[in-house]
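Residue-level structure breakdown
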Amino acid sequence: MTNAQIVLGCCSALHVLAVALGKRCVSMEPAEARWNPIFYPLGTTGRVKLVMGSDNRPTFDARAVRQAVEEALRATQ
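Points about the overall build of the chain
When its secondary structure is counted, the chain shows two helices and three strands. Along the chain, helices and strands appear, N-terminal first, in the series β-α-β-β-α. The globule rule puts the C-alpha radius of gyration for 77 residues at 11 Å, and the 11 Å found for the chain is close to it. C-alpha extents for the chain along the principal axes are approximately 30 × 25 × 15 Å. Buried positions account for 27% of the 77 residues belonging to the chain. Contacts in the chain between residues at least 24 apart in sequence constitute 34% of all its contacts with a sequence separation of at least 6. For the chain, the accessible area works out to roughly 5000 Å², and carbon and sulfur atoms hold 55% of it. In the chain, 9 positive and 6 negative side-chain charges are present, and the distance between their average locations comes to 8 Å.

Printed below as a string of structure tokens:
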């Protein structure tokens, strides 16, 4: 993880570790209980990006995840 440009995962311990290491994090969270803003103290649109669907709700749809990963990779360059 230390050499990664971005980290893709859910809102779990790996998300916390990625933030602690200063990495960009793309979070695809299927559990509605983890959509609460309390789990995202840095917000959900900056260094930590919560993948959102067309209904403006968190999603793990592959098309939305791909778009979020591509955006995060462009932001690291």
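There is more to say, and it comes next.
Digging into unusual backbone geometry
Excluding glycine, residues mostly carry a negative phi; peptide bonds, for their part, are mostly trans. With a phi angle near 60°, Asn 56 is a residue other than glycine that sits in the positive phi range. Mapped onto the elements, Asn 56 comes out in the loop between β3 (48–50) and α2 (62–76).

Procedures and definitions
- Residues numbered from 1 in each chain as written.
- Predicted model: local features only at pLDDT ≥ 70, side-chain atom pairs only at ≥ 80, totals over all residues.
- Heavy atoms only, no water.
- Helix = DSSP H or I, 4+ residues; strand = E, 2+ residues; numbered from the N terminus.
- Rg over C-alpha atoms; globule rule 2.2 N^0.38 Å.
- Buried < 20%, exposed > 50% of the residue type's maximum accessible area, 1.4 Å probe, protein only.
- Contact = heavy atoms within 4.5 Å.
- Areas by Shrake-Rupley, 256 points an atom, 1.4 Å probe, with all protein chains shown as cover.
- Lys, Arg positive; Asp, Glu negative; His and termini not counted.
- Charge placed at Lys NZ, Arg CZ, Asp CG, Glu CD.

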